[in-house]
Amino acid sequence: MSPEPVTIAPDTTAPVASVRVLTPAGVLGAGFPESTIERGMSLRPDVIALDGGSTDSGPYYLGAGQPKIAAAAVRRDLRVLLKAAAAAGIPLVIGSCGTSGTDSGVDWVAGMVAAIQQEEGLSMRVARIYAEQEASELKQYLDTGRLHALPPLGELTADVLESCTHIVAMMGHEPIVAALENGAQVVLAGRATDTALAAAVPLMKGMPPGPTWHASKIVECGGQATTDPRAGGVLATIDAAGFFTIEPLSPDAACTPTSVAAHMLYETVDPFRMREPDGTLDVSGASYAALDDRIVRVDGSRFETAAQYTNKLEGARVAGYETLSFSAIRDPLITGAIDEWAAFLRRTLVSRVEQTLALSPDEYAFDLRLYGHNGVLDELEPDSDHAPREVGVMLLVNAHDQATATAVAKIANPLMLHLPTPDMTYLPSLAFATSPAEVERGPAYEFVLNHVVDSPSPTSLFRIEIEEAADV
Amino acid sequence: MSERTLGDLTHEVRSKNAGPFWVTMELFCHDEEAYRIAAEESGLDEQVVGRLYRVDPAQVLIFRIPSLNVVKISFPRPLSQGSLRDRDMHAGQHHVPLALLPAGRGGRGAGSAS
């Protein structure tokens, strides 16, 4: 038997005293104990909101338009959350779908939602909000002085926009509110600010922006603001009187004034002020108090509306092609002189590449990493005076095409197998980790945008498509 | 390495990317006394951080937060995230030079020596 379609009345006129937001995890697909959702739903949240992505793991995901998290892990979390939202008749809001929030990322999650709805006999209305941008349209903003750089990047030129494989704009809460007001029960947003997802329903229901944005920042990493980040997510209650409270979903974890206040430090450049599309959250006057041993109340969060509404852009482009090779050294005669050995390898490789491939050093690039010695910090390593027991030697080659990158790595192969130190009188054999030693990485990507657009309206850069209820 | 380091004053030192173009790090000090030493401007300032991480001191931001006994430092990433020579994608291991810095006025001396 098909269940009745769930109805949600997003009535923005009826005043409410408070709005509760459940965030089950820092990211969709990270996993959470199902018991924490059962407990969270018993606290009667008004919305389930969570993030589906981030730029955290580097430019590949946006550049290639590929998700980071395994489909099976995303599907597992989605199934639990869709069933919980449907049973309670509350909306589910997911942003930055598919890691980078490209259009294909939104469709990837939407495809899983449709399949789960079919399998579970659910019929919630799904909205997709697309955030991807055309370089040609952004050029009009650039030409009219409505596209600005954020530090540390400088002014933009049109060819940088055109070189990007994908460009997304980060939406605020407004497109999500628009989708909910038009009857969406599941909102699958492209790139969005982490906070906009949790902020949408409280702001739609008239909660004050200061505590709403502050609470949304605290919940965005799930259990990170608790004493046990692995125990599951959190529930924030934003109160119309101008404060919010926060508690973990797991009864065994706690929020303390320190764990909540300290979360404003996490991954932020400035721990007191945070820019959103429509203004700036200022928590410099916030106070944190324990209501009991696991719930914290926060007062004094302020929000200043900006004179100009802006959406931040993210863009990535191909920056050459890479081939990787990995060998290892255990012989103390070589590890004891590892810097000399590495310098000898660099010199020999440059000269052999010139001799065989007729490439000068400015026609390709390589990084030789000595893991176990200074592989992580390189020249910033403060403690590289003693000889390492073993060294992993990673060679990463970048060239304008894959064949050239691999050719350079293959020229390096005999050196990474047999190169002695300058004063050894015989050829050692070193420990390759794999056969073949070379791994083609494909295109390498780089982030090239850290800019904002003066948007004509909060929804003008985004396309909202609302589907009819699934046919079950 | 018997000299007391900034890391010795803390229960955690961490670093992390803050978006693709910035890195941020925090010293979570044991108590007010440890915080007072770590936060001392004669020991740890923009110049010391600039030398330690080879970045322009004018772009270094330092936040001293006595209510949490935390010193937080942010600066633009010298190597863009994911580029050929970026060896720490999440900048999650870059707190170590800071943690190994001698505490108090010694920080300035060690920074100058490098």
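Because the structure is predicted, anything quoted here is derived from the model rather than measured.

The rules behind the values
Residues numbered from 1 in each chain as written. Chains lettered and ligands numbered in written order. Predicted model: local features only at pLDDT ≥ 70, side-chain atom pairs only at ≥ 80, totals over all residues. Helix = DSSP H or I, 4+ residues; strand = E, 2+ residues; numbered from the N terminus. Expected span 1.5 Å × (residues − 1). Buried ≥ 20, exposed ≤ 12 C-beta atoms within 10 Å, placed from the backbone. Contact = placed C-beta atoms within 7 Å. pLDDT = per-residue confidence, 0-100. Core = buried A, V, L, I, M, F, W, Y, C linked by C-beta atoms within 7 Å. Nonpolar A, V, L, I, M, F, W, Y, C, P; charged D, E, K, R; others polar.

**Let's talk about helix α4 (residues 103-120) of chain A**
Residue and element names in this part refer to chain A.
For step 1, the next point in the chain: With 18 residues, α4 ought to run about 26 Å at 1.5 Å a step, and its terminal C-alpha atoms sit 26 Å apart, in line with that.
For step 2, the next point in the chain: The complete set of buried residues in α4 reads Gly105, Val106, Trp108, Val109, Ala110, Met112, Val113 and Gln117.
For step 3, the next point in the chain: Elements that come into contact with the buried residues of α4 comprise β2 (47-53), α3 (71-88), β3 (92-99), β4 (126-130) and β7 (186-189).
For step 4, the next point in the chain: Looking at the residues trailing α4, positive phi occurs at glycine 121, about 70 degrees.

**Here's the deal with the confidence of the model for chain B**
Residues and elements named next belong to chain B.
For step 1, the next point in the chain: Looking at chain B as a whole, the pLDDT averages 90, with 89% of positions reaching at least 70.
For step 2, the next point in the chain: Confidence drops under pLDDT 50 across residues 109-114; counting only partners more than four residues distant or on other chains, this segment forms six contacts.
For step 3, the next point in the chain: If you check the scores for this complex, the pTM reads 0.93 and the ipTM reads 0.91.

**Section: the confidence of the model for chain A**
For step 1, the next point in the chain: Chain-level pLDDT for chain A is 94 on average; 96% of the residues reach the 70-or-more range.
For step 2, the next point in the chain: The model gives residues 1-5 of chain A a pLDDT under 50, and that stretch makes six contacts with residues more than four places away or in other chains.

**A look at the nonpolar core**
Residues and elements named next belong to chain A.
For step 1, the next point in the chain: Counting 157 residues, the largest nonpolar core has Val21, Ile176, Val187, Leu188 and Ala200 as its most contacted members.
For step 2, the next point in the chain: Considering every element that reaches this core, the biggest residue donor is helix α8 (residues 194-204), with eight residues.
For step 3, the next point in the chain: With sequence-adjacent residues up to four places away left out, isoleucine 176 is seen in contact with Val93, Ile129, Val187, Ala189, Ala196, Leu197 and Ala200.

**Quick notes on the interface of chain B and chain A**
For step 1, the next point in the chain: Counting residues at the interface gives 34 residues for chain B, matched by 33 residues for chain A.
For step 2, the next point in the chain: Within the residue set of the side of chain B that touches chain A, elements represented by two or more residues are β1 (10-17), β2 (22-29), β3 (61-65), β4 (70-76) and α3 (96-99) of chain B.
For step 3, the next point in the chain: Sort the elements by how many residues they give to the side of chain B that touches chain A and β4 of chain B lands first, with four residues.
For step 4, the next point in the chain: Here the side of chain B that touches chain A is built from residues that sort into 16 nonpolar, 11 polar and seven charged.

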